[in-house]
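Descriptive structure summary
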Amino acid sequence: MFSPGFRLFMGFAGFGLIAAFFYAVVTGDGGGADYLGFIDAEVWVGAASLGWSGGVGDHVGYVILVMFAIVSAGLAIMLTAFRDADSDAVSELNDGTLPPAQSPVSYNYWPIIGAVGLGTLVTGLVTHAAIFVVGLILILTTAFELMMSAWADRATGDPIANAELRNRIMKPVEVPILGVIGIAVAVICASRIFLAVSKSWAIWVAVIISAVVFLSALAFALAEKVNRNVVAGVLATGAIALLASGVASAVVGERDMSHHHGEHSEHSESHEGENGEEHSDQGSHSDMKESDK
Amino acid sequence: MTIVESEETPLELESAGGQPPAEKPLGAFTRPQGGNGWKDWLFTVDHKKIGIMYGAAGLLFFVIGGIYALFMRLQLSRPGNSILSAETYNQVFTMHGVVMVFLAAIPLGAAFANYLIPLQIGARDVAFPRLNAFSFWVFLGGGLFLLSSMFIGGWWENSPDGGWFAYSPNTGVLFSPSKGIDFFAIGLQITGIASLVGAINLIVTVLNMRAPGMTLMKMPILTWMLFIVQMLLLFAMPVISVALFLLTFDRLFGANFFNVAEGADPLLWQHLFWIFGHPEVYVLILPSFGVISEIIPTFSRKPIFGYPFMVFSGIAIGFMGWGVWAHHMFASGVGPVAVAAFSVSTMFIAVPTGVKILNWLATMWGGRIRFTTPMLYATAVVAMFTIGGLSGVTHSLAAADSQQTDTYYIVAHFHYVIFGGIILGFFGGFYFWWPKIFGYFLSEKIGKSSFWVMVIGFNLTFGPMHILGLQGMSRRIQTYSSGQGFDLWNLVATIGAFMIAIATAMFIGNVIVSRKAFKAGKTPAPGPDPWDARSLEWMTASPVPEHNFDETIHVEKQDEFWHRKWGKNEEGQVVRRATAEEVAHDGSNTNVHLPSPSYWPLVAAIGLPIIGYGLIYNLLLCVLGGLFVLGGLYGWVFEPVDDPNADNHDHGDGQDSYAELETAEVTNASEDTTIE
Amino acid sequence: MNAPLKRKITWALGLATFAFLALTGCAGNAPLDTLDPAGRKSEGISDLINPIFVIAGIVFIFIQGAVLYIGWKYKVRAPKKNEESFDGGYTDEEFPEQVHGHFGAEISWTIGPTILMAAIAIFSVGFLLNLDDVDAAPEGATYPDVEVLVVGQQWWWEYHYYLDGIEGANEPHFVTANEIVIPVDQDVRIYTTSRDVIHSFWIPRLNGKKDAVPGRTTPWVIQSNEVGRFAGQCTEFCGLSHAYMRMYTVALPHEEFSSWVDNQIQFRTPLAEDDPNYEGEQLFITNCARCHAINGVTGREMNGETVADSMAMYGNIEEFRNHSDGTLSQGKYTGAANLTSGAAPNLTHFASRSSYAGSFFELYPNAQEIADEGGYLDISENDYARGTLEAWLRNSPKEKPNAQPGQARGMPNLNLSEAQIDLLVDYLMTLN
Amino acid sequence: MSETTTLGVSHDKLGMWVFLGSDCLLFGALISTYMLYKDRIGPTDLGPEEMFDIPFTSVSSFVLLMSSLTVVLAITALRRNDIRRSRIWLLSTAILGAIFVGGQVYEFTAFYREGLGYTTNLFGTAFFTLTGFHGVHVTVGIIFLMSMYIQSMRGKLTSAQEERLEIIGLYWHFVDVVWIVIFTIVYLFPQ
Ligand code: HEA
Ligand code: HEA
Ligand code: CUA
Ligand SMILES: [Cu+2]
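Residues numbered from 1 in each chain as written. Chains lettered and ligands numbered in written order. Predicted model: local features only at pLDDT ≥ 70, side-chain atom pairs only at ≥ 80, totals over all residues. Heavy atoms only, no water.

1. Regarding the overall build of chain D
Each helix and strand counted, chain D has 6 helices and 0 strands in total. When its C-alpha atoms are laid out on the principal axes, chain D stretches across 70 × 35 × 25 Å. With 191 residues in all, chain D has 67% of them scored as buried. Positive and negative side-chain charges in chain D, numbering 12 and 15 respectively, have mean positions lying 13 Å apart. (Helix = DSSP H or I, 4+ residues; strand = E, 2+ residues; numbered from the N terminus. Buried < 20%, exposed > 50% of the residue type's maximum accessible area, 1.4 Å probe, protein only. Lys, Arg positive; Asp, Glu negative; His and termini not counted. Charge placed at Lys NZ, Arg CZ, Asp CG, Glu CD.)

2. Thoughts on the overall build of chain C
Helices and strands together make up the secondary structure of chain C, namely 9 helices and 14 strands. Out of the 432 residues belonging to chain C, those deemed buried represent 55%. In the form shown here, chain C has an accessible surface area of approximately 17600 Å², with 56% of it arising from carbon and sulfur atoms. (Areas by Shrake-Rupley, 256 points an atom, 1.4 Å probe, with all protein chains shown as cover.)

3. Details of empty space enclosed by the protein
All names here are of chain B. There is about 240 Å³ of room inside the largest cavity. Every residue lining the largest cavity is counted, 28 residues in all, and those nearest its centre are Tyr-54, Ile-106, Ala-110, Ser-195 and Leu-233. Elements with a minimum of two residues in the lining of the largest cavity: α3 (86-120), α4 (129-148), α5 (180-208), α6 (221-253) and α7 (267-300). In terms of residue count, the dominant contributor to the lining of the largest cavity is α3 (8 residues). Of the residues in the lining of the largest cavity, the class split is 19 nonpolar, 9 polar and no charged. (1 Å grid on protein atoms, 1.4 Å probe; cavity = no way out; pocket = protein on both sides within 12 Å on 5 of 7 lines; lining within 4 Å. Points joined across faces, edges and corners; volume = space filled by probe spheres on them. Nonpolar A, V, L, I, M, F, W, Y, C, P; charged D, E, K, R; others polar.)

4. Topic: the sheet that holds strand β10 (residues 246-252) of chain C
Residue and element names in this part refer to chain C. Spatial ordering of the open sheet is given by β4-β10-β9, a layout of 3 strands whose pairing is mixed. Taken across any chain shown, the strands that pair with only one partner, and hence form the sheet edges, are β4 (179-183) and β9 (228-233). This sheet shows a mean twist of 20 degrees between the axes of neighbouring strands, independent of strand direction. The pairing of β9 with β10 spans 6 bridges and is classified as antiparallel. The residue bridging Gln-233 from the neighbouring strand is Arg-246, located in β10. Running over the sheet, helix α4 (residues 254-264) touches β4 and β10 and is turned about 135 degrees from β4. (Pairing = 2+ DSSP bridges. Axes fitted to C-alpha atoms, helices over the stretch in contact; angles between N-to-C directions. Contact = heavy atoms within 4.5 Å.)

5. Observations regarding the interface of chain C and chain B
Facing the 110 residues of chain C at the interface are 125 residues of chain B. For the pair chain C and chain B, the summed buried surface comes to about 9700 Å²; carbon and sulfur atoms form 68% of the total. For the pair chain C and chain B, the interface holds 1 salt bridge. Counting the contacts that link chain C with chain B gives 20 residue pairs in polar contact (both at pLDDT 80 or more). Elements that contribute at least two residues to the side of chain C that touches chain B include exactly α1 (3-24), α2 (40-73), α3 (103-132) and β7 (209-212) of chain C. A class-by-class count of the residues in the side of chain C that touches chain B yields 62 nonpolar, 26 polar and 22 charged. (Buried area = accessible area lost by both parts, 1.4 Å probe. Salt bridge = Lys/Arg side-chain N within 4 Å of Asp/Glu carboxyl O. Polar contact = N/O pair within 3.5 Å; in protein donor to acceptor, adjacent residues only side chain to side chain.)

6. What to know about the environment of Ile-49 of chain C
Within the secondary structure layout, Ile-49 of chain C lies in helix α2. Put simply, Ile-49 of chain C and Ile-379 of chain C are 330 residues apart on the chain and 36 Å apart in space, counted from C-alpha to C-alpha. Not counting residues within four places of it along the chain, the set of residues in contact with Ile-49 of chain C comprises Thr-394, Ala-400 and Gln-404 of chain B.

7. Structural notes on the coordination of the copper ion (ligand 4)
All names here are of chain B. Around the copper ion (ligand 4), the protein contributes the donor atoms His-278 (ND1), His-327 (NE2) and His-328 (NE2), at 1.8 to 2.1 Å from the metal centre. Positions of the donor residues of the copper ion (ligand 4), expressed as sequence spacing, correspond to H-x48-H-H. With a relative accessible area of 5%, His-278 lands in the buried category. Under the relative-accessibility criterion, His-328 is labelled partly exposed at 27%. (Donors = N, O, S within 2.8 Å, 3.2 Å for Na, K, Ca; no water.)

8. A word on the pattern of salt bridges
Residues and elements named next belong to chain C. Considering all chains together, one arrives at 26 salt bridges over all chains under this definition. The salt bridge involving Glu-362 is made with Arg-229; its shortest N-O contact spans 2.6 Å. Taken together, the residues span a long stretch of sequence, with Glu-362 in strand β14 (residues 361-362) and Arg-229 in strand β9 at a distance of 133 residues. The partly exposed category is assigned to Glu-362, whose relative accessible area is 26%. Arg-229 sits in the buried class, given a relative accessible area of 3%. As a salt-bridge pair, Arg-386 and Glu-390 come within 3.0 Å of each other at their nearest N and O atoms. Taken together, the residues span about one helical turn, with Arg-386 and Glu-390 both in helix α7 (residues 386-394) at a distance of 4 residues. With relative accessibility at 24%, the residue Arg-386 sits in the partly exposed group. Taking the relative accessible area as the measure of exposure, Glu-390 reaches 15% and is therefore buried.

9. Some words on the nonpolar core
Core analysis: the biggest nonpolar cluster contains 418 residues, and Tyr-161, Ile-180 and Phe-201 of chain C have the highest contact counts within it. Counting 5 residues, the second largest nonpolar core, distinct from the first, contains Phe-6, Phe-9, Leu-75 and Ala-76 of chain A. (Core = buried A, V, L, I, M, F, W, Y, C linked by side-chain atoms within 4.5 Å.)

10. Concerning the site of ligand 2
All names here are of chain B. Neighbouring residues of ligand 2: 34 residues in total, closest Tyr-89, His-96, Trp-164, His-415 and Arg-476. Tyr-408 is positioned such that a nitrogen or oxygen atom in its side chain is 3.4 Å from an oxygen atom of ligand 2. Within the residue set of the shell around ligand 2, elements represented by two or more residues are α2 (47-76), α3, α13 (408-438), α14 (444-470) and α15 (487-519). (Near = heavy atom within 4 Å.)

11. A closer look at the coordination of the iron atom of ligand 1
Counting protein donors around the iron atom of ligand 1 gives one, His-413 of chain B (NE2), at 2.2 Å. Structurally, His-413 of chain B can be placed in helix α13.

12. Observations regarding the site of ligand 1
Residues in contact with ligand 1 amount to 36 residues; listed here are only the nearest, Trp-164, Tyr-282, Thr-405, His-413 and Arg-475 of chain B. Among the chains of the assembly, those with residues near ligand 1 are chains B and C. At 2.6 Å, a side-chain N or O of Thr-405 of chain B approaches an oxygen atom of ligand 1. Here a nitrogen atom of ligand 1 and a side-chain polar atom of His-413 of chain B are 2.9 Å apart. Of all the secondary-structure elements, those providing two or more residues to the shell around ligand 1 are α7, α10 (350-364), α11 (373-396) and α13 of chain B together with α2 and α3 of chain C. The biggest single contributor to the shell around ligand 1 is α11 of chain B, with 8 residues. Along the lines of polarity and charge, the residues of the shell around ligand 1 split into 22 nonpolar, 12 polar and 2 charged.

13. What to know about the side chain of Ser-241 of chain B
Within the fold, Ser-241 of chain B resides in helix α6. Apart from the residues lying within four places of it in its own chain, the contact partners of Ser-241 of chain B are Gln-189 of chain B together with Leu-26 of chain D.

14. A word on the packing of α5 of chain B against helix α18 (residues 600-616) of chain B
Residue and element names in this part refer to chain B. α18 packs onto α5 with a crossing angle of 160 degrees between their chain directions and a minimal axis gap of 10 Å. Here α5 lies roughly antiparallel to α18, going by the angle between them. In the packing of α5 onto α18, the handedness of the crossing is right-handed. Facing α5, whose interface residues are Asp-182, Phe-183, Ile-186, Ile-190 and Ile-193, α18 presents Leu-608, Pro-609, Gly-612, Tyr-613, Leu-615 and Ile-616. A per-class count over the contact of α5 with α18 returns 9 nonpolar, 1 polar and 1 charged. (Parallel < 35°, antiparallel > 145°, perpendicular 65-115°, else oblique. Left-handed = near helix turned anticlockwise from the far one by under 90°.)

15. A short note on the pairing of strand β6 (residues 199-202) of chain C
All names here are of chain C. Residues of β6 alternate between two faces, with His-199 and Phe-201 on one and Ser-200 and Trp-202 on the opposite face, all of them buried. Direction of pairing for β6 relative to β7: antiparallel, over a ladder of 4 bridges. Bridged to Trp-202 within β7 is Lys-209. Counting the residues between successive antiparallel strands, the hairpin from β6 to β7 contains 6 residues.

16. Side note on the packing of α3 of chain B against α4 of chain B
Residue and element names in this part refer to chain B. Close contact between α3 and α4 brings their axes to 11 Å; oriented N to C, the two are set at 165 degrees. Taken together, the axes of α3 and α4 are roughly antiparallel relative to one another. Both α3 and α4 take part in a crossing whose hand is left-handed. From α3, Met-95, Val-98, Val-99, Phe-102, Leu-103, Pro-107 and Asn-114 reach across to α4, where they touch Asn-132, Phe-139, Gly-143, Leu-146 and Leu-147. In terms of residue class, the contact of α3 with α4 is built from 9 nonpolar, 3 polar and no charged.

17. Regarding the packing of aromatic side chains
If you walk through the whole model with that rule in mind, you get 107 aromatic pairs over all chains. Seen in terms of ring centroids, Trp-365 of chain B and Tyr-69 of chain C are 5.9 Å apart; in terms of plane orientation they differ by 40 degrees. Their pairing is tilted. Of the two residues, Trp-365 of chain B sits in the loop between α10 and α11 while Tyr-69 of chain C sits in helix α2, which places them in two different chains. Exposure remark for Tyr-69 of chain C: the relative accessible area of 35% places this residue in the partly exposed category. Seen in terms of ring centroids, Phe-144 of chain D and Tyr-171 of chain D are 5.3 Å apart; in terms of plane orientation they differ by 65 degrees. Their pairing is edge-to-face. Taken together, the positions of Phe-144 of chain D in helix α5 (residues 122-153) and Tyr-171 of chain D in helix α6 (residues 162-188) put the pair 27 residues apart, joining distant regions of the chain. Lying across the ring of Phe-165 of chain B, Arg-476 of chain B places its NZ or CZ 3.9 Å from the centre. The aromatic ring of Trp-202 of chain C is capped on one face by Lys-209 of chain C, whose charged end is 3.9 Å from the ring centroid. (Phe/Tyr/Trp six-rings, centres within 6.5 Å; stacked < 30°, edge-to-face > 60°. Lys NZ or Arg CZ within 6 Å of the ring centre and 35° of its normal.)

Pasting the structure below:
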């Protein structure tokens with residue numbers, strides 16, 4: 001039932017949870033200390049309830065550790081759920097012989113991605129939290145991918161079947177995610193460009209981009225036969241152009257967009273402030289009610 | 001009529017190495033194998049199981065809603081009572097309304113729809129079986145989510161307290177700072193998704209899966225009414241969704257939709273709510289109309305009187321229901337012209353409803369009426385609903401309503417139509433279809449006595465409310481003073497409410513007792529057609545086998561089954577052609593391919609309440625919920641059909657799953673999850 | 001004998017009795033009785049609804065009668081009770097005539113009710129437009145135009161009087177709470193609006209209800225044919241204390257109404273130091289004046305200015321008076337921007353009112369009798385309910401549920417000492 | 001027994017039609033809300049007149065309109081089993097859709113920079129909600145299109161699956177038509 005993989009990842013999950021708990025408690029606010037002289041009760045509650053109530057110390061670290069635990073647990077569960085792809089399970093089927101690990105058939109680019117992720121992670125540590133998160137995501141994805149291939153590589157004795165098995169499981173996840181990322185990048189780049197150029201240029205840029213898209217599609221469609229490489233080239237060029245101008249625009253920054261009415265902004269800000277107060281701290285409502293009792 | 005769901009055939013490993021293919025298909029997404037206990041229910045996609053689950057959940061929620069009602073009645077039994085504090089009372093009546101309407105009455109209707117529509121049209125299942133399961137689990141999740149508001153964050157701290165129609169701005173954060181209204185808005189949003197998805201599914205089923213020869217005008221009235229209900233839901237649900245979105249955005253993101261300080265109009269909410277709300281009351285009543293339209297002809301031994309008129313009056317009610325919503329707003333100040341227009345349009349709803357009442361009476365007229373328990377209930381509906389309808393007509397005169405609105409006179413009206421029309425009808429339906437569904441009879445003795453306790457209790461409860469209302473007792477008041485002349489009738493109403501509770505308990509007792517008796521062999525098995533009924537669901541074994549019918553039924557007439565049993569001799573007298581046993585299928589055909597159970601509807605559905613908690617408490621949970629939903633959807637798309645031979649039918653071969661998924665839920669789910 | 005049927009008949013009779021009782025509005029002493037009209041408008045409604053009740057009663061009897069008759073006539077008696085049978089033992093194969101329908105019958109019971117409803121529609125809409133016609137010249141106006149802005153809030157009513165024909169016409173003249181006083185026999189136009197959530201203004205014996213919607217002012221008319229005090233109740237659910245939000249309308253003869261007005265517009269002068277109530281007044285100023293106003297005694301901070309009373313925040317009546325072009329019957333009440341105003345009843349003439357705190361408590365034990373016998377104007381000369389008023393000052397949230405602390409709704413518990421309460425009550429009761 | 005549906009339309013397509021019927025009401029309610037609130041702005045507040053950049057929105061509307069054309073081209077190509085062209089048009093539809101969404105992101109950002117936030121006033125609240133809901137619809141449509149494209153790349157979208165694309169095309173047209181209505185009512189109607 002419980003394969004070694006399951007136990008390993010469950011171990012990770014448990015470790016993550018415990019680590020998260022201690023991290024939260026230790027980084028907690030010593031000011032409100034009431035246990036052992038340095039620990040705040042709030043934090044115990046917060047850490048134990050996954051932040052449900054009470055508070056935790058350093059949020060970022062806590063969240064990362066909890067996420068680590070959740071992901072590990074998820075992987076562990078997947079391991080059992082997919083036990084068909086698990087070597088032990090297969091060995092049961094194959095009267096006890098473990099299929100030997102097979103070398104993967106396809107080129108594996110994941111280690112590189114993982115390395116890039118690690119780099120990003122480190123860069124993020126010193127620069128900006130967002131970059132850190134990106135790095136983290138890359139690393140986690142890599143780990144997941146590698147793991148999947150690790151099972152798949154031993155799933156059966158047949159490397160091609162193994163590759164197919166891996167693809168069967170992973171492609172439905174990978175491909176749409178990549179597609180969505182692609183779209184998101186396109187959307188963000190386009191909007192950055194519009195924001196960087198002047199108002200009337202934004203119109204022209206929109207016209208031009210869409211005209212290019214449409215016309216090149218038309219051209220390809222009209223042609224009887226097109227060389228694959230040409231298509232790939234055009235697509236790549238387009239993508240790179242979009243990405244490059246997007247990045248460039250983001251770096252250049254937005255054009256000046258002033259508030260329409262000076263006096264208005266004041267009003268709106270104060271209004272938002274009010275709302276912010278009402279919403280920012282939902283807990284306070286219930287606090288109020290409690291003190292009512 | 002096989003329903004096949006996925007495009008992916010299970011992975012077969014026959015490539016180069018020549019390893020023998022594994023016994024079981026390999027791969028991540030195997031489908032559950034049915035047949036063992038609870039799993040059978042959790043992962044089922046069988047419309048009958050889903051229907052039963054809807055019914056069980058609906059009844060459970062009915063009892064819960066009823067317990068709320070009992071507490072209210074206790075509080076109101078004497079002037080100046082203090083059993084419930086004002087705060088709790090407000091939460092209790094809100095939850096009573098919400099639970100009864102959204103978690104009891106709608107799902108009980110859905111139970112009949114799910115169980116009976118495919119059977120009545122001679123189909124093997126609904127058009128999108130997995131979607132059906134999804135819709136049930138979403139409903140259940142939403143319902144439990146709503147109820148959990150009672151416990152989460154403190155006992156009775158965060159229950160909704162704005163009334164079931166939740167008028168703004170009283171439901172804004174400013175006036176309702178607890179999280180109750182958030183639970184209300186998100187919970188109803190979730191159950192709304194369930195209703196919408198279910199409606200799409202059933203509409204397609206009715207339009208597209210009728211047995212050969214069953215034209216629309218040969219469908220049983222029940223199917224017709226349920227079909228109209230689904231149409232109403234289809235168009236009403238998006239409206240309430242929008243209203244709830246606006247409310248949620250106001251509360252969680254500081255939007256201004258109901259922020260009067262920014263110039264918002266509180267009446268916007270009322271319009272949106274009642275544009276949904278009025279069609280909604282017909283959503284509640286039409287299934288019951290359908291139920292008694294099946295019961296009355298059966299026990300009168302006559303065909304329904306004026307079939308086309310029954311159908312068209314149902315359609316007319318459905319249509320007209322859209323043009324009357326502002327009769328709930330006569331006092332709001334929408335202006336005399338609007339008030340007059342809506343007043344008049346409301347009055348005319350009496351016409352198609354009257355047609356129905358009189359047709360039922362005409363069906364009974366000259367019949368040979370067997371007053372079994374179901375028939376008693378059906379007759380009571382005709383009598384009791386009329387009372388509620390008539391008080392409805394008295395509200396429709398806007399001038400008169402300006403005295404009546406928001407008094408107990410209204411409470412009397414709608415409980416007469418709701419309890420007298422819907423709940424009594426549904427109980428009749430339970431007794432009627434119980435042998436078909438569960439394969440044993442409910443005791444007539446207990447049935448009849450509980451019927452009388454219920455009807456008398458019901459009249460004692462809600463009859464006096466007419467008087468209370470006309471004497472000026474306002475709705476939604478936690479208490480009243482002894483000088484106001486309300487004492488006596490409130491006490492009577494409270495006594496009546498407890499009689500209803502006793503009757504409900506008797507029904508539950510009946511289920512248990514009768515089942516035992518049957519198991520002990522003391523009562524006979526019902527056979528396929530215990531009542532000499534008319535429609536196709538009686539043409540198969542009881543309880544209905546998993547595949548419904550052994551073979552496709554070719555329909556020639558309305559009431560096909562009856563016509564196969566009975567014919568006319570030369571003198572025009574009805575004579576038997578065949579017995580029910582001869583005509584009906586015995587359920588022995590085991591060679592029918594059925595859609596396999598699936599994990600994913602449940603997985604995807606679980607995500608929604610989690611997202612709901614996330615919106616209220618901690619956005620991290622939204623991520624988790626989103627993962628459930630997405631994961632569920634992925635699994636849904638990529639899970640294989642477990643039977644490789646199954647994709648030889650045209651509307652199968654995998655497109656179902658794909659389009660189902662992509663059209664219906666992704667849109668809904670993403671609307672839910674992408675609230676930024 | 002067939003017991004269920006017998007019970008059914010008994011029950012039907014019982015029901016009919018209920019309906020009859022409902023129609024005749026049985027039980028005697030119900031101050032909110034809608035079937036006991038005392039004003040022109042409510043009588044009109046009553047005259048409209050009574051025939052409708054009769055028609056409904058006829059349909060009721062017809063349908064119930066038909067159900068009972070058919071049930072009795074066409075019932076198949078079960079052959080000997082058979083324990084085993086669940087179909088009631090009906091095993092016969094006899095069938096009645098198989099009638100599928102009758103076109104004529106269908107048409108007639110479609111057309112019949114249609115005509116009936118059309119007739120009802122015509123005459124009810126006529127009446128409705130008349131009822132809603134708030135522009136009609138006020139009937140029986142011997143006193144100059146009386147217009148009142150009725151402001152609902154959680155959970156009491158405030159009334160702003162605008163009196164034409166008095167010096168400084170169109171100025172808001174005074175503000176009072178709980179009890180709206182009107183001249184008898186005269187149409188009084190009111191504009192309902194709200195400071196916070198939706199409420200509904202309803203004096204059943206005088207007219208139907210009209211919602212008080214924040215952001216809108218909706219015109220409505222009340223009129224009484226009798227001198228007396230008429231109970232009302234907020235009927236739109238408005239939160240925690242909705243049940244405790246009541247009000248009265250008092251109809252006075254015209255001369256008395258003028259004297260009442262004359263009294264209400266009076267300001268008070270601060271008491272001299274040797275006045276026995278001087279201490280009470282000081283207590284009031286320190287403890288209560290941040291919410292309550294006593295014109296002439298307390299100043300009130302409003303938008304940085306000190307104003308005499310809370311009425312200063314309302315615009316000119318023209319702003320929300322019914323627009324004469326007929327297109328727009330709602331003006332916009334700008335004061336509503338002040339949600340949860342923190343406003344409290346103006347107490348300048350507190351003791352001249354018969355009830356307090358959203359009229360949930362009677363200030364004078366026999367207020368109803370006194371008012372009905374025409375003694376309203378001098379009501380403050382009667383014994384008052386000192387105990388309850390003290391309880392109110394001691395801990396008002398206990399007497400009347402009110403909102404969460406930190407939200408300016410309802411009166412908070414001020415933790416006064418018994419001595420302070422005594423002094424305050426003495427002082428308050430001088431404010432006639 | 002070859003299976004036929006009663007109406008001769010597949011369940012999926014019928015289901016999509018039914019769903020779109022329901023979606024009409026969703027947008028109907030949102031548009032009504034917007035109509036009610038668009039003028040409710042204080043004298044100094046930002047309203048449609050100050051904010052809208054009609055020429056730009058016209059362009060992006062036109063882009064969306066063109067994408068309806070391209071999706072039709074994709075469907076007809078697929079129907080002829082011309083996989084290559086169907087892919088071309090599929091991808092360009094998705095890109096055009098993305099440009100539209102990009103335009104919307106641009107518009108939202110610009111408005112925000114100019115002082116109109118989601119909570120600023122009733123106009124802002126109603127505007128962002130209405131167009132935001134539409135944007136979500138377009139995004140979902142793009143995801144559909146992309147998944148079709150991926151299917152196509154994996155060789156799983158041939159004329160046999162033409163109906164699948166047709167259903168997505170239905171959705172896409174609907175979203176497009178809704179935008180035409182929104183564009184007319186929100187942008188073009190005089191204040
Ligand atoms: C199942 C639910 C159901 C049904 C079927 C109805 C049916 C009707 N309802 Fe009811 N209604 C509610 C549920 C329902 N209602 C609820 C829940 C509320 C309160 C909501 C809230 O505020 O919380 C409400 C409130 C409500 C109001 C608002 C009252 C107020 O708040 O001020 C009005 C006003 O017009 C109204 C009218 C009607 C009418 C005219 C019908 C008609 O459809 C009735 C037609 C039937 C008949 C008339 C009887 C049979 C006819 C004949 C025998 C023919 C001959 C008769 C004549 C010619 C008169 N209803
Ligand atoms: C489907 C709808 C439905 C149903 C069935 C009912 C059923 C009942 N309702 Fe309901 N009611 C509403 C819908 C419904 N109601 C709505 C929408 C409102 C308006 C809410 C609002 O204003 O916001 C309302 C309001 C409302 C009020 C007015 C509250 C107020 O304005 O202050 C009252 C007051 O008496 C009331 C009473 C009852 C009673 C006594 C029943 C009874 O019929 C209930 C009977 C059922 C039971 C008693 C079941 C219990 C059974 C048992 C306990 C059996 C024992 C258990 C075992 C053996 C396991 N209801
Ligand atoms: Cu005010 Cu109810
Ligand atoms: Cu209604």
